[in-house]
Amino acid sequence: MRSWSRMQDVVAIVIGVFAALSPLWLDTNNAAMWSLIVLGVLVALSGLVHMARPEMTAAEYAMAVFGVLLFIAPWVMNFDAFTGASWTAWVVGVLAVVVAVTGLPMMSSRMHGHGGLATHH
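Since we're looking at a predicted model, the values are computed, not measured.

Caption draft 1: Region of the structure containing helix H2 (residues 30-52). Under the 1.5 Å per step criterion, the end-to-end length of H2 is 33 Å for 23 residues, consistent within 8% with the ideal 33 Å. Taking the backbone nitrogen of Ala 31 as reference, a side-chain oxygen 3.3 Å away marks Asn 29 as the first, capping residue of H2.

Caption draft 2: Local environment of the packing of aromatic side chains. Under the counting rule described, the total for this entry stands at 4 aromatic pairs. Taking 5.4 Å as the distance between ring centres and 50° as the angle between the ring planes, the aromatic pair formed by Phe 18 and Trp 25 counts as tilted. The exposure class assigned to Phe 18 is partly exposed, which follows from its relative accessible area of 39%. Ring geometry for Phe 71 versus Trp 75: centroids 5.6 Å apart, planes at 65°, classification edge-to-face. Here Trp 75 and Phe 71 lie together in helix H3 (residues 57-76), a separation of 4 residues that amounts to about one turn. You can call Phe 71 partly exposed: its relative accessible area is 31%. What links up through ring pairs into an aromatic cluster is the set Phe 71, Trp 75, Trp 87 and Trp 90.

Caption draft 3: Representation of the UniProt feature "transmembrane region" (unreviewed entry) in the protein in the model. According to UniProt, the "transmembrane region" (unreviewed entry) feature falls on residues 7-26, 32-51, 58-77 and 89-107. Strand forms 0% of residues 7-26 and helix 75%; the C-alpha atoms that close the span are 27 Å apart. Helix makes up 95% of residues 58-77 and strand 0%, whereas the separation of the span's terminal C-alpha atoms amounts to 26 Å.

Caption draft 4: Representation of the nonpolar core in the model. Residues Val 43, Met 63, Leu 70 and Phe 79 are the most contacted members of the largest nonpolar core, which totals 19 residues. The set of elements that each furnish at least two residues to this core consists of helix H1 (2-21), H2, H3 and helix H4 (83-112). Of all the elements, H4 adds the most residues to this core, at 6 residues.

Caption draft 5: Representation of the confidence of the model for the protein. Across the protein, pLDDT averages 86, with 82% of residues at or above 70. For residues 116-121, every residue scores under 50 in pLDDT, and the model assigns this stretch 0 contacts once sequence neighbours within four places are set aside.

Definitions and cut-offs
- Position numbers for residues start from 1 in each chain and track the written sequence from start to end.
- Under the rules for a predicted model, residues below a pLDDT of 70 receive no local features and side-chain atom pairs below 80 are neither given nor counted, while totals for whole chains, interfaces and linings still include all residues.
- Side-chain metrics rest on all non-hydrogen atoms present in the structure, leaving aside hydrogens and water.
- Secondary structure elements follow DSSP: runs of H or I no shorter than four residues count as helices, runs of E no shorter than two count as strands, and numbering proceeds from the N terminus.
- For a helix, the expected span equals 1.5 Å multiplied by the number of residues minus one.
- Here a polar contact is taken to be a pair of N or O atoms separated by no more than 3.5 Å, where protein atoms must pair a possible hydrogen donor with a possible acceptor and residues adjacent in sequence count only if both atoms sit in side chains.
- Pairs were defined over the aromatic rings of Phe, Tyr and Trp, the Trp ring being its six-membered one, requiring ring centres within 6.5 Å. Orientation was assigned from the angle between planes: stacked under 30 degrees, edge-to-face over 60, tilted for the rest.
- Relative accessibility decides the category of a residue: with a 1.4 Å probe and only protein chains considered, values under 20% of the type maximum give buried, values over 50% give exposed, and everything between is partly exposed.
- UniProt positions are given in the numbering used here, feature names are shortened, and annotations may be inferred rather than shown by experiment.
- The definition of a nonpolar core used throughout is a set of buried Ala, Val, Leu, Ile, Met, Phe, Trp, Tyr and Cys residues joined through side-chain atoms within 4.5 Å.
- Every residue gets a pLDDT, meaning the predictor's confidence in that residue, from 0 to 100.
- By definition, residues are in contact when any of their heavy atoms lie within 4.5 Å.

Here is the structure:
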């Protein structure tokens, strides 16, 4: 279970860094560039925080929020005409949410000291 959690953290860091650096090779405007940089760094940082402090569930929730914000950024920040930047935001946003959500059940079972649902007798 711990190695899978570590893998999720590494994936979050990689996709966050990818998004943050993507304006180097993508055609963007100012809004797209800063959205990708800031939200990409936040996704990567949430992965780093979770790697350093696995018991901190707030990092998982933050990663999911940053993923949602990244996904809607092309429309909210009005850069949906920049295809590469938009697709990067959409794909990285979805991946960030998936990584965060798949980490939540493991976090819950780890905090409760067992691998499944609590049974009451």
